[in-house]
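# Analysis of the macromolecular model
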Amino acid sequence: MDGTATQSAQHSADLLRIPPGNPTEEPDAEAILFDGAAPPPFPDLNIFPLSWRTETPKLNELYESSRDPGWNPSRLPWHTLNVEDYTLDQRYALAYWWGLLSTFDGSGPVVFARTMIHTFETHEEDPVRKCFFSITRDEMHHEEVCGRAIQTLTPGGPLGYVPETMLGKLAQNNVQWLYHNGARYWDSFKNAVHKYPLPILFTSFLMGEVASATLFNGMYKSTTIPVFKEAFRCIGQDEARHMGICIAVLERILPALTDEQRTMITKQIRAGFVFLSAVLYEPPRDFWELPPTFNDANRRLEEVARSAGLGILTLEQRRENWRNAVLKMKGLLEPHGIVFPALPEVGIDGETVAFDPEDIIPVF
Ligand SMILES: [Fe+2]
Ligand SMILES: [Fe+2]
């Protein structure tokens, strides 16, 4: 420091004055609090204020078990899927089925991500929010499997390639129609998620999880294609955990339903059944806008995919599986005074309910 700087520092120090009063004295907290004001109330549907309460300890266990799902799509044995082993039509048909599945599994990540945000906005208990986070991650994996299968079998697929056979053209047309309906589903879901209370959302999701656990279990047992067998096993395991999450929440909230909520659930089950039937069984007319060629093309494509070893169950087996899955739901819900809707497509009697495409929530 030179002479000028030393003088200037001395000058600044001289200007310092001891403040009035004793600065070492404790501030008077009561006086400060008395003058303090609370902020304005928190707006509805805001993620703040945060809290980390647990009402359903079982959900914490399920979340812990989901932290490491034990698999991921890039570790599946894709190198064993050699497209040269299949005819062109078999490749188209295999990719077609994954395209059909992606109408459902492809909506999974966005449906659950949107719902996770909703659980923050409605201040659900901490493990509910975390479970939705884990389901979103799992669904992203399932969607990735669809994409990898389609891209391996039909690069650029499902819509961005030019099929070379008639069956390939039919497959592409069918997927276009499936995605048309997927887009309609997404539009109604976006409105429904804010419209329904938690018990309704969870019953609807349970329908999707029961459906998917059933589907993947059946296909795991019957496919002969190694990479798909492993994929079905892993996805099925995830879906069973999702089902467990829904059941854990429902066990807590079902006993406290209002009559209005019970009626809503009856309608929701019918809506979920109609939507999910397209992959579990056959698409009913109630929701699905499809051309007259759809079902014939779908059956032909399924036959060819079956001949390639995909493990698609016969129509009769699917009907039986779907029926049993829905009966499980019925057993769970009826003790809580929920009237089950008629599902004549799989031979289940019940109350006839009006169908509203705006009501569809479930996916897997
Ligand atoms: Fe899924
Ligand atoms: Fe799921």
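Scroll up to find the structure this text is about.
Since the model is a prediction, treat every value here as computed from it, not as a measurement.

The subject of this paragraph is the packing of helix H8 (residues 198-222) against helix H10 (residues 259-280). Direction vectors running N to C along H8 and H10 enclose 30°, while the axes themselves pass 9 Å from each other. Judged by the inter-axis angle, H8 sits roughly parallel to H10. For the pair H8 and H10, the crossing hand works out as right-handed. In this structure, H8 uses Pro199, Ile200, Thr203, Ser204, Met207, Gly208, Ala211 and Leu215 to contact H10, whose residues at the interface are Gln261, Met264, Ile265, Gln268, Ile269, Gly272, Leu276, Val279 and Leu280. Residues belonging to the contact of H8 with H10 are distributed by class as follows: eleven nonpolar, six polar and no charged.

In this section: helix H11 (residues 294-307). With 14 residues, H11 ought to run about 20 Å at 1.5 Å a step, and its terminal C-alpha atoms sit 20 Å apart, in line with that. Check the buried side of H11 and you find it contacts helix H4 (88-105) and helix H7 (166-195). Where H11 terminates, the next one or two residues include Gly309, which has phi positive at roughly 100°.

Moving on: H4. Along an α-helix, residues three or four positions apart point the same way, because every turn accommodates 3.6 residues. Under the 1.5 Å per step criterion, the end-to-end length of H4 is 25 Å for 18 residues, consistent within 8% with the ideal 26 Å. When you tally the buried positions in H4, you get 17 out of 18 residues, the bulk of the element.

Another point: the nonpolar core. One finds Ala93, Leu94, Tyr96, Trp97, Leu301 and Ala305 to be the most contacted residues of the largest nonpolar core, which totals 91 residues. Element by element, the count of residues in this core is highest for H8, at twelve residues. Apart from the residues lying within four places of it in its own chain, the contact partners of Tyr96 are Ala171, Asn174, Val175, Leu301 and Ala305.

Cut-offs applied
- Residues numbered from 1 in each chain as written.
- Chains lettered and ligands numbered in written order.
- Predicted model: local features only at pLDDT ≥ 70, side-chain atom pairs only at ≥ 80, totals over all residues.
- Axes fitted to C-alpha atoms, helices over the stretch in contact; angles between N-to-C directions.
- Helix = DSSP H or I, 4+ residues; strand = E, 2+ residues; numbered from the N terminus.
- Parallel < 35°, antiparallel > 145°, perpendicular 65-115°, else oblique.
- Left-handed = near helix turned anticlockwise from the far one by under 90°.
- Contact = placed C-beta atoms within 7 Å.
- Nonpolar A, V, L, I, M, F, W, Y, C, P; charged D, E, K, R; others polar.
- Expected span 1.5 Å × (residues − 1).
- Buried ≥ 20, exposed ≤ 12 C-beta atoms within 10 Å, placed from the backbone.
- Core = buried A, V, L, I, M, F, W, Y, C linked by C-beta atoms within 7 Å.

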